[in-house]
Amino acid sequence: MVEAKKNERTNALKEVKRLCKEFGFTAGMLKGWLARGHLNTANTPKGRIRAGETLFKMFCIGCHGPEGKGLPSIAPTLHSDWVSGDREILVKVLLKGLGGQIKVNGELQNYEAAMPGFGPALGDDEIASILSYVRSAWTDAPADVTSAFVRKIRGAEKAKTGPYEASALWKK
C-alpha cells in the first residue's frame, strides 16, 4: 500500500512538472507561489475563485482549453452536468483522476488517456479553488467548494489508488 502511494505521488509530480514545462512555469515558481500564499487565498468565495482561475491556467487549461470547452479526444467540456452536479464527485475526480467512457451532457464519450489525479501534488485549498472557479465560470452551480470539504473527501478516499472509472462515479 505504501509503495502504491509513493508511485501515485511520483506519477502525479511528473505530470505536474510536464505541465509546468509545457506552459512555461518552473516547479520552483509554482512552489514559491504556493509557499508565499499567492495562490492560496481560499478564505472567501471570491478569493477561492480568483486563486482557482490562476491554478486552472497552470494545471487544467492544456487539456480543457481556455474556455473550458475541452479538446477532442483529450478532455471533455467543463460546461457540463459533471461540473454542475455533485461536488463530492468533482473532488474525487481532481484528487484521484478519471478514466473510462464518460457520459457528458447525455453523450457517451471516449478519451485517449485518463485524467491524472492531482491530489498528491495539490493541497486542499488549491483543489477547492480550482473547483470553485470551474463551477462559477461555466455553470450556474454555486462555487461552494471549501478546503474543509476537500479535506473531508480526501480523508475518506485516502485508501483509493489510481483513477476512478467514470461509470463508478456517475449513476445518472
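Our structure's up above, just so we're on the same page.
Note that this is a predicted model, so its numbers are computed, not measured. (Residues numbered from 1 in each chain as written. Predicted model: local features only at pLDDT ≥ 70, side-chain atom pairs only at ≥ 80, totals over all residues. Heavy atoms only, no water.)

Novice: Describe the packing of helix H7 (residues 124-138) against helix H8 (residues 147-156), listing the residues and the values that go with them.
Specialist: When two helices pack together, their arrangement is captured by the angle between the axes and the distance separating the axes. Their axes nearest at 8 Å, the elements H7 and H8 cross at an angle of 115 degrees. Compared by their axis directions, H7 and H8 come out roughly perpendicular. Two packed elements cross with a definite hand, and for H7 against H8 that hand is right-handed. Together, Asp124, Asp125, Ile127 and Ala128 of H7 and Ser147, Val150, Arg151 and Arg154 of H8 make up the contact between the two elements. Among the residues forming the contact of H7 with H8, the class breakdown is three nonpolar, one polar and four charged. (Axes fitted to C-alpha atoms, helices over the stretch in contact; angles between N-to-C directions. Helix = DSSP H or I, 4+ residues; strand = E, 2+ residues; numbered from the N terminus. Parallel < 35°, antiparallel > 145°, perpendicular 65-115°, else oblique. Left-handed = near helix turned anticlockwise from the far one by under 90°. Contact = heavy atoms within 4.5 Å. Nonpolar A, V, L, I, M, F, W, Y, C, P; charged D, E, K, R; others polar.)

Novice: Give a detailed account of the environment of Gly47, specifying residues and quantitative values.
Specialist: For Gly47, the location among the structural elements is in helix H3 (residues 45-59). Considered as a pair, Gly47 and Ser129 are 82 residues apart in the sequence and their alpha carbons are 8.0 Å apart.

Novice: Describe in detail unusual backbone geometry, supporting the description with residues and values.
Specialist: Phi at Ser73 is positive, roughly 65 degrees, even though this residue is not glycine. Mapped onto the fold, Ser73 is located in the loop between helix H4 (61-64) and helix H5 (81-84). We classify Ser73 as partly exposed; its relative accessible area is 33%. A positive phi angle, near 50 degrees, is found at Asn105, a position not held by glycine. Tracing the sequence through the fold places Asn105 in the loop between strand E2 (102-104) and strand E3 (107-109). We classify Asn105 as partly exposed; its relative accessible area is 43%. (Buried < 20%, exposed > 50% of the residue type's maximum accessible area, 1.4 Å probe, protein only.)

Novice: Can you lay out the side chain of Gln109 for me, pointing to particular residues and giving the numbers?
Specialist: Residue position: Gln109 is located in strand E3. In this structure, Gln109 is in contact with Pro76, Gln101, Ile102 and Val104, ignoring residues within four places of it in sequence.

Novice: Pulling in residues and values, what's your account of the packing of aromatic side chains?
Specialist: Tallied over the entire structure, the rule returns four aromatic pairs. Centre to centre, the rings of Phe56 and Tyr133 are 5.7 Å apart; their planes meet at 55 degrees, and the pair counts as tilted. Linking Phe56 in helix H3 with Tyr133 in helix H7, this pair joins segments that are 77 residues apart in sequence. Taking the relative accessible area as the measure of exposure, Phe56 reaches 1% and is therefore buried. (Phe/Tyr/Trp six-rings, centres within 6.5 Å; stacked < 30°, edge-to-face > 60°.)

Novice: Just give me the short version of the packing of helix H6 (residues 87-96) against H8, but keep the residues and values in it.
Specialist: Where H6 contacts H8, the axes come no closer than 10 Å and their chain directions differ by 65 degrees. The orientation of H6 with respect to H8, classified from their angle, is roughly perpendicular. Helix-helix and strand crossings are classified by hand; for H6 and H8 the assignment is right-handed. Packed against H6, whose contacting residues are Arg87, Glu88, Val91, Lys92 and Leu95, the element H8 presents Phe149, Val150, Ile153 and Arg154 at the interface. For the contact of H6 with H8, the class distribution of residues is five nonpolar, no polar and four charged.

Novice: For the side chain of Lys92, give the residues involved together with the corresponding values.
Specialist: One can find Lys92 in helix H6. Using a relative accessible area of 15% as the deciding quantity, one classes Lys92 as buried.

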